[in-house]
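A closer look at the structure
Take a look at the letters that make up each chain.
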Amino acid sequence: MRLKSLLIKSNLQNYQANFVDNNSFIYGLKDIPNSIFIVDSKVWEYYKDNLLACIKKDRIIVLSVSEERKTLETVQELYDQIMEYSPRKNLCLIAVGGGILQDIAGFLASTLYRGVSWIFVPTTLVAQADSCIGAKTSLNYKKFKNLIGTFYPPSSIYIYPEFLKTQLKQDFYSGVGEMAKLHLMGGKKDTLNFIEALFGINNLDNKSIIETVQRCLLIKQSYIEEDEFDSGKRNMLNYGHCFGHAIESSTNFEISHGQAVVLGMIAANISAHKRGLLSAENERFLRAKVLIPVFKTNMQNIKLNIEETVAAMAHDKKNTGDGLALVMIDDNYEMIKITDMSKNEASESLKELENFI
Ligand SMILES: NC(=O)c1ccc[n+]([C@@H]2O[C@H](COP(=O)([O-])OP(=O)(O)OC[C@H]3O[C@@H](n4cnc5c(N)ncnc54)[C@H](O)[C@@H]3O)[C@@H](O)[C@H]2O)c1
């Protein structure tokens, strides 16, 4: 069933994700009083002469984004630019871009005048299917990714799938990796539906993408509404990320985040099998039918260094005990978090992972 909108309950303020199928929403946004658009510079280049052409030029800040620019310095640049508009507390920021722009604009909105209203228009698959809900804002600090942040949801979100047509393939498949994760976490039925939708997703079929994006948000909603501030159930969304983050950093970010998460899920499933939580049959099924088909990275020039990956896992901020933290899935598609994985166990799972890529 196709949704028109999804209401997310939050301890901070409830907010609505709206699924839009034509460009009229932008005419509504451009007329919001006291608003300033902050637009990802690549998105601006693609859409300034068509979809975004109606926005008043003196109300737009075009921001070039990258992980290196997801910092306090960039937020300070934005404070300066925004103060030129002599804003009041009733200012509304309208952020148009992917997850990086969301993290910067959300942080900016949460700190300016101790919080001004903001609206988010996600333009990447990662942002539409995952990051747009959950209220997290994050900045990188020195070499620490997402070290600084706040919880501050936008007042509304507009999901317009047409944006995805201009995304680079590697960014698109980063999003597909995150969609695979959420569907596995949804359970067996969602996993089977995802397998069915994959052909359409890979062929950029609008219907398959929209329906899968909506299901992703419904699954994520069930985690964030129960544990918005990430002290329990929401931790499970780190499935694939414990190995994944370490693979990302040990390969010098040559592999996209969502694709590293796919490898992270394969490795986590191998570990789950070794611990007797996931049968050999289910481990093979998830790998062959879901995870390998969404892994679209050419590994020829990317070397997976097991020692460095395990060392990076040891530095994960999610480790709270003596061992390594790992989120796993079991035969009933229940999520389990352990904090006692040994470095040797991690290294054995990574060795097996190498056979599959
Ligand atoms: N706040 C959260 O809950 C949350 C959750 C997941 C990820 N994140 C963050 O999101 C970031 C990753 O987000 P992302 O994958 O969306 O990457 P991104 O924002 O870097 O966008 C990827 C690239 O695509 C460009 N782009 C954006 N929209 C485009 C479009 N429609 N057409 C063409 N190019 C476009 C961007 O300029 C960028 O170069 C990371 O920094 C991650 O930490 C945040």
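Our subject in this report is the structure included herewith.

Thresholds, definitions, all that
- Residues numbered from 1 in each chain as written.
- Predicted model: local features only at pLDDT ≥ 70, side-chain atom pairs only at ≥ 80, totals over all residues.
- Heavy atoms only, no water.
- Phe/Tyr/Trp six-rings, centres within 6.5 Å; stacked < 30°, edge-to-face > 60°.
- Helix = DSSP H or I, 4+ residues; strand = E, 2+ residues; numbered from the N terminus.
- Buried < 20%, exposed > 50% of the residue type's maximum accessible area, 1.4 Å probe, protein only.
- Lys NZ or Arg CZ within 6 Å of the ring centre and 35° of its normal.
- 1 Å grid on protein atoms, 1.4 Å probe; cavity = no way out; pocket = protein on both sides within 12 Å on 5 of 7 lines; lining within 4 Å.
- Points joined across faces, edges and corners; volume = space filled by probe spheres on them.
- Nonpolar A, V, L, I, M, F, W, Y, C, P; charged D, E, K, R; others polar.

Side note on the packing of aromatic side chains
Per the stated rule, a full pass over the model turns up 8 aromatic pairs. Measuring from centroid to centroid gives 5.0 Å for tyrosine 47 and phenylalanine 163, while their planes differ by 75 degrees, and the two rings are edge-to-face. In this pair, tyrosine 47 is assigned in helix α2 (residues 41-47) and phenylalanine 163 in the loop between β9 (156-159) and α6 (169-186), connecting sequence segments 116 residues apart. Comparing tyrosine 47 with phenylalanine 163 shows no difference in burial state: the two are buried. Arranged with centres 5.9 Å apart and planes meeting at 40 degrees, the rings of tryptophan 118 and phenylalanine 120 form a pair that is tilted. For the pair shown, tryptophan 118 and phenylalanine 120 are each scored as buried. One aromatic cluster in this structure is built from Phe25, Tyr46, Tyr47, Tyr158, Tyr160 and Phe163. Here arginine 287 stacks its cationic end above the ring of phenylalanine 356, 3.6 Å away from the centre of that ring.

Points about the layout of surface pockets
Unfilled space is identified by rolling a water-sized probe across the atoms. By volume, the second largest pocket amounts to about 450 Å³. Taken together, 17 residues line the second largest pocket, and the ones lying closest to its centre are Met1, Asn193, Glu211, Thr212 and Arg215. When residues of the lining of the second largest pocket are traced back to their parent elements, those giving at least two are α7 (188-202) and α8 (206-224). Partitioned by chemical class, the residues of the lining of the second largest pocket number 5 nonpolar, 6 polar and 6 charged.

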